[in-house]
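# Per-entry structural report
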Amino acid sequence: MIIGIPKTTEAGEHRVSLTPDVVARLTKEGHEVVVQSGAGTAAGFVDEAYEGSGASIGDAARAWSADVVCSVSFPSEEGASHLKRGAVVLGMLQPLDEPGRFPALASTGVTSIAFEAVPRTTRAQSMDVLSSQATVAGYQAVLMAADRLDKFFPMLTTAAGTIAPSKVLVLGAGVAGLMAIATARRLGAIVSAFDVRAEAAEQVQSLGARFVSVEMEQQDSSATGGYAKEVAEETQAKILAGLAKPVAEADVVISTAQIPGRPAPLLITRQMVESMRPGAIIIDLAAPTGGNCELTRADESIVHSNVTIEGPTNLPSMAAGDASRMFGRNALALMKLFLTEEGLNIDFDDDIIEGSVITHGGAVVHPRVKALLDGGGN
Amino acid sequence: MIIGIPKTTEAGEHRVSLTPDVVARLTKEGHEVVVQSGAGTAAGFVDEAYEGSGASIGDAARAWSADVVCSVSFPSEEGASHLKRGAVVLGMLQPLDEPGRFPALASTGVTSIAFEAVPRTTRAQSMDVLSSQATVAGYQAVLMAADRLDKFFPMLTTAAGTIAPSKVLVLGAGVAGLMAIATARRLGAIVSAFDVRAEAAEQVQSLGARFVSVEMEQQDSSATGGYAKEVAEETQAKILAGLAKPVAEADVVISTAQIPGRPAPLLITRQMVESMRPGAIIIDLAAPTGGNCELTRADESIVHSNVTIEGPTNLPSMAAGDASRMFGRNALALMKLFLTEEGLNIDFDDDIIEGSVITHGGAVVHPRVKALLDGGGN
Amino acid sequence: MELVISITVFVLAAFVGFEVITKVPPTLHTPLMSGSNAISGVTIIGALIVAGKADSTLGEVLAFVAVTMAMINVIGGFLVTDRMLEMFKKKER
Amino acid sequence: MELVISITVFVLAAFVGFEVITKVPPTLHTPLMSGSNAISGVTIIGALIVAGKADSTLGEVLAFVAVTMAMINVIGGFLVTDRMLEMFKKKER
Amino acid sequence: MSQELSALIYLVAAALFIFGLKRLSSPATARSGNQLAAAGMAIAIIVTLTNSGISAWTIIAGIIVGSGVGAYLARTVEMTGMPELVAAFNGFGGGASVMVASAEYLQNPDPAVQTIVTIALSVVIGAITFSGSFMAWGKLNGKLPGQPFGYPAQKLIDPLIVATIVFLGVMLVLDVGGSFVLWTLLVLGLVLGVTRVIPIGGADMPVVISLLNAFSGVAASMAGFVINENALIISGALVGASGLILTNIMVKAMNRSIANVLFAAFGGADSTGQGGTTSDKPVKAASAEDVAITMGYARSVIVVPGYGLAVAQAQHVLRELADLLEAKGVDVRYAIHPVAGRMPGHMNVLLAEADVSYDKLFALEDINGDFPRTDVALIVGANDVVNPAARDDETSPIFGMPILDVDFATTSVVIKRSLSPGFAGIDNPLFYNENNLMLFGDAKAAMQELVKAVAEL
Amino acid sequence: MSQELSALIYLVAAALFIFGLKRLSSPATARSGNQLAAAGMAIAIIVTLTNSGISAWTIIAGIIVGSGVGAYLARTVEMTGMPELVAAFNGFGGGASVMVASAEYLQNPDPAVQTIVTIALSVVIGAITFSGSFMAWGKLNGKLPGQPFGYPAQKLIDPLIVATIVFLGVMLVLDVGGSFVLWTLLVLGLVLGVTRVIPIGGADMPVVISLLNAFSGVAASMAGFVINENALIISGALVGASGLILTNIMVKAMNRSIANVLFAAFGGADSTGQGGTTSDKPVKAASAEDVAITMGYARSVIVVPGYGLAVAQAQHVLRELADLLEAKGVDVRYAIHPVAGRMPGHMNVLLAEADVSYDKLFALEDINGDFPRTDVALIVGANDVVNPAARDDETSPIFGMPILDVDFATTSVVIKRSLSPGFAGIDNPLFYNENNLMLFGDAKAAMQELVKAVAEL
Ligand SMILES: NC(=O)c1ccc[n+]([C@@H]2O[C@H](COP(=O)([O-])OP(=O)(O)OC[C@H]3O[C@@H](n4cnc5c(N)ncnc54)[C@H](OP(=O)(O)O)[C@@H]3O)[C@@H](O)[C@H]2O)c1
Ligand SMILES: NC(=O)c1ccc[n+]([C@@H]2O[C@H](COP(=O)([O-])OP(=O)(O)OC[C@H]3O[C@@H](n4cnc5c(N)ncnc54)[C@H](OP(=O)(O)O)[C@@H]3O)[C@@H](O)[C@H]2O)c1
Ligand SMILES: NC(=O)c1ccc[n+]([C@@H]2O[C@H](COP(=O)([O-])OP(=O)(O)OC[C@H]3O[C@@H](n4cnc5c(N)ncnc54)[C@H](O)[C@@H]3O)[C@@H](O)[C@H]2O)c1
Ligand SMILES: NC(=O)c1ccc[n+]([C@@H]2O[C@H](COP(=O)([O-])OP(=O)(O)OC[C@H]3O[C@@H](n4cnc5c(N)ncnc54)[C@H](O)[C@@H]3O)[C@@H](O)[C@H]2O)c1
């Protein structure tokens, strides 16, 4: 089989879908890998490295017209035009956020697989791109905050006085949130965190941080694959009331709360921002889905009453090297499900394939995306 | 006495010389403090905060014409024009790097005190601005590197493979270097460090890092107040040879090696940069005195053979809040030496005063600066 | 007086017994029990003495049974303890 | 035989002595020494017995001295030990 | 040989017993302790033979038969059969005391009061030891039912027997009733041994044997009183006292009391161990001391940390434990499963906090092959990541997830609070493995105990 | 009272001695142990008086005088004079043994060989104890020179005396020479006590007293042999054996051997303690056990970390120690000096690594006032930052630097490897304070020992 690695054209995207170490495994198994020239350079993987792993370097057309195209994000218009009927395209295709792009993709006759739709089962953990990229995002968010903050994270007792440690508040203790907690703790900050899911408290404490408890109904997420649900209005009010004090006291807030396919919950109001000290920072990782802060604007840095609100939408790209390495490993694990010696074997009996294929045989097959397209909502 | 806090006009300088907590102590002791409007805003201290500490807000002229003017850096031209004869000006005046500015200052008849010239004795530790600001710089340098690096600092074993920890090399284990070591270790990097002073090895190891030993003559710095001396040519060659491998293997190099009043020693050649992996980063804190890397340019970010070389000259300003807090404490300790109830008491019998006063009574009095002005060199 | 002296000896020996076993790890419980069981086979001495002066057939039979039983206890006890303890040899490094 | 029994008793008592003092923290060295010194004043019993049967003047003098010395040892020993140990009372919380 | 000399030599033998017992209580010296005691016994026997002469056929025959049987049994028994054999040996010891006292009585049917009392004590205690030990033997080898049980009349019978024994004892002291009383005492002792031991469960037999062992020591001591032989008095008292202490230690290690062991069948107290079991299959619950010995004498230990380590915040204690083991020459490594914990890299963060060197951390693929060559796998608060079902059971919901093959190690030890499942919510067959020990408890508390226990090895 | 009964009561007294000694070896029970032993003694004395009657004036007078003197001395002595008083008491005990044996001999001037041997042993050992103890008393209270010294003939005299004693002993056994031999032995014993003790340095006197205490026990035991009284034999043997063990423990705690203590004056071995002293002033070097007790029984401890903690990388062990102390109910806080270590915030970094909570860290200005109310200040590898010269000595180069006032705590304990100075290169008067203990050693190793010792409290 021929596997193509196209170069991402999106602005600010430095990642590459497969790294040379993964390519080496594929070529060893007899597959042919075509890398679009320069595809990995921004992530620190030069063309020579790919050649060293047995890949050939080609142009965009060659990479996009492979049997299996492994992309970071949704195929560009140019890329899509090269796609071969019957080929497989995989990547972070944002099926729930941007379902409208899929009918066109379906018409090219490719089987498209979205990493976001991979079910979060135990077996699928090694293919869980959302987790791996959220890991990077949580880490990067803390570094961004620490770098930009006007004070130290750790406590320091020096001849020039004692510097108090910074207070970091993490909202949403999913993968990114937990990683943010761990990183901020490493740097010596006093960390507390909040989440709506019942099991989050123990997990937060398992990282040595304090859980902010808000008197409300905790969610049991075991039925929803670990994801949170939108909360009732009454609960929302309780949350906002409960967070008012912790937010006001925080030097840094890192918010990561998200609900798949829905706008991010509002956790920080304008008023709460204004209650913060001059120089405080909010890093809103939920910016892509609207942000947890009322003032967040995606990919912008807002200063409101001396508080900075960052809305980065692609933090993993800031650590493109390791982010790509993890992405590549995930992609390899997923490709193994359908890449055989003889050819492609898309087996819809496999719950991972069934859950993650969006278009197949010329049609949109994913029920939830179909429902969205039919205007049925979630 | 009236103490003035002027606003710094230099580009990229966010610090303020005295913070509200220090001002409160001065006003409590009966001094009058005049703050130039907006002087602390960039560091997170708004005018209202100063007023809350008993200071009055005024314009530049009022601040500069105080009895004691506490400035962050050398007086601007405008500032100098307001200076009162017989007043005291203190700040980071760079007496050895820029001696040429002092004759003009002397002619205004002020007593100027340079923090850089405060002798590094035990008693003077609380006035040691170099140390406090180097502490901030070392911390900030690591955050800058971690934020910009394309990979994680810590090791992570995840479902998407095991991420190797980053290797950080610190050159020069003075105050900034030690802080950089500590911060990088906190983030989970594998840290090694090098210095020419004999006692540095133990200090590096006391932070849990590895000391890079180069076969050479170690310096005993006890005679030079803790500072290093320039090394002989032969030793220099040995150092470069010894550092070749550690530099080539590093993901991040943070260089801090400096020699007071002399250009920074060369520790990283162009060739060494080229031996590094694509994506590696060098943060050269010695940029103000020429840099430890051959390619460093002050306040610029250079990319050479996929390696980024940063030459920040004012990292403390990036954590302006805490940097100012520490600066202010240092300044307060120093001012206490000559601020009395009755007035100013510049006592040249005090070794700290003797060492740090550059101009007094209309003349340049500091012997080393005088020597430099007379063209006598160091 | 003889009895009092015997009691004195008994009490002192009991003190020694109490003091000697202070903190045994559970894994040694069985071997220690087995070993001290073998020591309690010291009745063999009594059996031998009694056997030496037995004068009736009944006495002889009793003596024979006593010697046999005590000897089983002694020999078997020490040997089986040794076998148990063989397993404790520190694994070679 | 009497001697042998005495030796037996001596040996057993010595074993008890060895076993009883296993690990004393240094701070207790002095009080422990002082306390066991008081116990060694048990010679008082011997002194009293001898005094009871003394029949010559010399014997009486010796007995008197023996009782006095032993009594100093006993009374003084226990009291001074007690005073030392008073200092060990755990400070109240 | 003069009486004095032989008495002195007996004293030496007794001293050897003391030294032997001392050494028996530490793993490093236990074997030599047993040998010392055996040497003491040999000396005592030789002295006795020298004095009384190998005159009687009874002596020669008894020695030959006894040694032969004893040696044969000891040599041929299976490892698993050892406890029951010890019970049997103990029974023989008790029997011998009965015989010695009886024989002495036969030779001197009208002794002084104090002698008859000691004879009676020797006979009764010896008889209880004899029958009780053989009951224990039967329970352990399955010839008698192993479960604890009570029978209706039991509450009455034992007290009745004891009362009768006391009454007969008083008769002896008052010098009423002749040999009949003694023989009745013998029979009552035998009966009491049976009725007292038979209701106790098989799992508690080790404690019973230990207690009967103390009895047999006392019986030997009484025999010593009878024939006025200090060697017997000393050794018997030694065994009696140390046996009592040992029983107490054993009972404490089970978190019980002696009374609870002896009379548990009445109250129906549960004797199957701690832990809220979710399954009926048996698990081996170990004590911290057991685990400490297992690890302390191992060459290599692989630690598998899991989410429970994080919950307990036990990373610092873990590191302490590893340091201790390494100081003892044990090779300690950490196996990090890719999804251990609740976030990617959770274990790395945790172990970095405890400053565990990166060289000691191994990813799954790098260490999995080493488990078969590893003495102990210590699983701390992990569950799913060591669940063999993921490897072996195609029907398991987690089938296909790579796991750490801890079950291939010589011994696996799991520290967790209960048998309840982990994140995936499924049962873990590892816990029921033959070579797996469960150390129940909060990871931090349990490892603090481990640290203590290892330090004391 | 029948002989049997009184013998049994003596046995009870002996048992009380045993329990007393046991309890004396742990701080928590020591006082009650002493009281138990005293009760045992009271019982023994009463029994004796009941039996022999308070017939003779000697008994009444002796008891009154002895009790009065003993009680007076014990009540009035200064704390610091206690060791010498113990020495004197011990001497009296030895003297009493001499008297008892002598009196017995006078009453029965031609005893059996074995009796004369025990009499001789009692006399010689008692005499050595007597004179030796009073030498020790003199050394301790300064009436005799305290330094260790040797005199030229010493190497000859002691062996000569010992040889003579042995020779005279053989004469006694062979039954040649009469009372003259015994009195000569008495004198020789007295002389040997003097010549043997006088060259030993005052610092080693506690060990000497302990050894002489063991001697006095043996002397009492021999007196028991002489008058054939088991109570004396048992108690004497008890004291003899435990005294010997105690001596050994003391000597080991000083890292010496008994021989080294007894004969150090010959070799000129240094007996002033470990550590490369840079000054001739005396410091108090403590053992880990001492420090453990001091801290374990404290209410509050303030830890002052310094550069040495970082060099030794002992932060994790420090945290362990603090955890242990807190578990014992001790309040533990950390005082962070602004310039401790070698970089700003060095101690924060270190303690954060060991995960010490920020709430427990206090800056100089916040905690300095608390030292006078603190039981123990534990200074780990710090030096300059606790140098009182910076506060008190205007001529000091570091005068004016704020320091942590650890010298105001009830006790300060400094852990470092030697008395060598810190960064500033100047001597630290703290080390020579009356209430300061030095625990010499690498901070990590020393604290590991501390952890062990505290755990065992
Ligand atoms: N790493 C990730 O990124 C990630 C993310 C999400 C989910 N997961 C899932 O999480 C699981 C991780 O496996 P794991 O083996 O680390 O954890 P696990 O299977 O969840 O088991 C953890 C065990 O720790 C025990 N425990 C909890 N608190 C304890 C305490 N204080 N002291 C002692 N034991 C305690 C619990 O048993 P007791 O209650 O009996 O004590 C529990 O069985 C996997 O199923 C993985 O798929 C991982
Ligand atoms: N914090 C800063 O920013 C900074 C910067 C530069 C200089 N300084 C200066 O450094 C000093 C700091 O004071 P300090 O009290 O922390 O340190 P210090 O005065 O330098 O004393 C440290 C002590 O630690 C002991 N030590 C070294 N290694 C040890 C080990 N492995 N185990 C046990 N003890 C060990 C040394 O004594 P032994 O050799 O006897 O063991 C030494 O006396 C001050 O004088 C300060 O002015 C501070
Ligand atoms: N099967 C697996 O092994 C597996 C793999 C990866 C993640 N997961 C689990 O899935 C869960 C979700 O992870 P994610 O990071 O992808 O989630 P996410 O990115 O969808 O959301 C981030 C977090 O925001 C929280 N959140 C949502 N609404 C909130 C509100 N109103 N207030 C506060 N917090 C709110 C969520 O609970 C979640 O923890 C995690 O708990 C993780 O453990 C499981
Ligand atoms: N008296 C005090 O208490 C006090 C206060 C502050 C600092 N100090 C000491 O002063 C020393 C200097 O501190 P600094 O940070 O101001 O120094 P600095 O900024 O002048 O130099 C930074 C480091 O670079 C090193 N260096 C110089 N030439 C080098 C070369 N060729 N190769 C490698 N390294 C080289 C120096 O040794 C120094 O450690 C430190 O060791 C510090 O401990 C003492």
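Residues numbered from 1 in each chain as written. Chains lettered and ligands numbered in written order. Predicted model: local features only at pLDDT ≥ 70, side-chain atom pairs only at ≥ 80, totals over all residues. Heavy atoms only, no water.

## A few points about the overall build of chain E
When its secondary structure is counted, chain E shows 17 helices and six strands. Judged by the C-alpha coordinates and their principal axes, chain E covers about 85 × 55 × 35 Å. The buried share of chain E, reckoned over its 457 residues, is 58%. A sequence separation of at least 24 residues applies to 75% of the contacts in chain E between residues at least 6 apart. (Helix = DSSP H or I, 4+ residues; strand = E, 2+ residues; numbered from the N terminus. Buried < 20%, exposed > 50% of the residue type's maximum accessible area, 1.4 Å probe, protein only. Contact = heavy atoms within 4.5 Å.)

## Comments concerning the nonpolar core
Among the nonpolar cores identified, the biggest contains 238 residues, and I44(C), I44(D) and V80(D) are the most heavily contacted of them. In this structure, V80(D) is in contact with S34(D), A74(F), V77(F), M82(F), L85(F), V86(F) and F89(F), ignoring residues within four places of it in sequence. Counting 149 residues, the second-largest nonpolar core is a separate cluster that includes M144(A), A176(B), A228(B) and L243(B). (Core = buried A, V, L, I, M, F, W, Y, C linked by side-chain atoms within 4.5 Å.)

## Examining the domain arrangement of chain E
Once the domains are mapped, chain E shows domain 1 (1-76), domain 2 (91-270) and domain 3 (288-455). A straight line from the C-alpha centre of domain 2 of chain E to that of domain 3 of chain E covers 46 Å. (Domains from an automatic or database assignment.)

## Section: the pattern of salt bridges
Inspection of every chain in the model, using the stated rule, returns 70 salt bridges over all chains. Because the salt bridges share partners, they merge into one network encompassing D147(A), R148(A), E310(A), D147(B), R148(B) and E310(B). (Salt bridge = Lys/Arg side-chain N within 4 Å of Asp/Glu carboxyl O.)

## Looking at the site of ligand 4
Around ligand 4, a shell composed of 22 residues is seen, among which R120(B), Q125(B), V175(B), D195(B) and R197(B) lie nearest. At the site occupied by ligand 4, the surrounding residues belong to chains B and F. In the model, an oxygen atom of ligand 4 is placed 2.4 Å from a nitrogen or oxygen of the R120(B) side chain. In this structure, R197(B) approaches ligand 4 through a side-chain N or O atom, which is 2.7 Å from an oxygen atom. A class-by-class count of the residues in the shell around ligand 4 yields 11 nonpolar, seven polar and four charged. (Near = heavy atom within 4 Å. Polar contact = N/O pair within 3.5 Å; in protein donor to acceptor, adjacent residues only side chain to side chain. Nonpolar A, V, L, I, M, F, W, Y, C, P; charged D, E, K, R; others polar.)

## Notes on the domain arrangement of chain A
Residues and elements named next belong to chain A. Partitioning chain A into structural domains gives domain 1 (2-127 + 321-373) and domain 2 (149-313). Summarising the inter-unit geometry, the C-alpha centres of domain 1 and domain 2 are found 33 Å apart. Domain 1 puts four residues into the contact, and the matching count from domain 2 is six residues. Interface area, domain 1 with domain 2, both sides summed: about 380 Å², of which 48% is carbon and sulfur. (Buried area = accessible area lost by both parts, 1.4 Å probe.)

## Overview of the packing of helix α2 (residues 29-40) of chain D against helix α4 (residues 82-107) of chain F
Contact pair α2(D) / α4(F): the axes reach a minimum separation of 9 Å and the direction vectors enclose 20 degrees. Relative to α4(F), the element α2(D) lies roughly parallel. As α2(D) runs across α4(F), the sense of the crossing is left-handed. In this structure, α2(D) contributes M33(D), S34(D), N37(D) and S40(D) to the contact, and α4(F) contributes V86(F), F89(F) and N90(F). Here the residues of the contact of α2(D) with α4(F) sort into three nonpolar, four polar and no charged. (Axes fitted to C-alpha atoms, helices over the stretch in contact; angles between N-to-C directions. Parallel < 35°, antiparallel > 145°, perpendicular 65-115°, else oblique. Left-handed = near helix turned anticlockwise from the far one by under 90°.)

## Some words on helix α3 (residues 43-53) of chain D
Counting buried positions over the 11 residues of α3(D) gives eight, a clear majority of the element. Of all the positions in α3(D), only T43(D), I44(D), I45(D), G46(D), A47(D), L48(D), V50(D) and A51(D) are classed as buried.

## Side note on the environment of V365(B)
Residue and element names in this part refer to chain B. Summarising the element assignment, V365 is placed in the loop between β17 (363-364) and α13 (367-373). Under the relative-accessibility criterion, V365 is labelled partly exposed at 30%. Sequence separation of V365 and S112 is 253 residues, and the distance between their C-alpha atoms is 9.9 Å.

## Structural notes on the arrangement of the chains
For chain B and chain C, which are not in contact, the least C-alpha distance works out to 30 Å. The two units chain B and chain D remain apart, with a minimum C-alpha distance of 33 Å.

## Regarding the site of ligand 3
Residue and element names in this part refer to chain A. As a matter of local geometry, ligand 3 sits amid 21 residues, with R120, Q125, V175, D195 and R197 nearest to it. In the model, an oxygen atom of ligand 3 is placed 2.5 Å from a nitrogen or oxygen of the Q125 side chain. Bound to the protein, ligand 3 loses 91% of the 840 Å² it would expose on its own. Of the residues in the shell around ligand 3, the class split is 10 nonpolar, seven polar and four charged. (Areas by Shrake-Rupley, 256 points an atom, 1.4 Å probe, with all protein chains shown as cover.)

## A short note on the relation of the copies chain B and chain A
Screw-axis analysis of chain B against chain A gives a translation of 0.0 Å along the axis, an RMSD of 0.0 Å, and a rotation angle of 180 degrees. Both copies of the chain, as the preceding transformation shows, are related through a two-fold rotation axis. When C-alpha distances to the rotation axis are compared across chain B, the minimum falls at R186(B), with a value of 2.8 Å. Counting the interface residues of chain B, we find that 100% of their copies in chain A are interface residues as well, pointing to one common contact surface. (Least-squares fit on C-alpha atoms with pLDDT ≥ 70 in both.)

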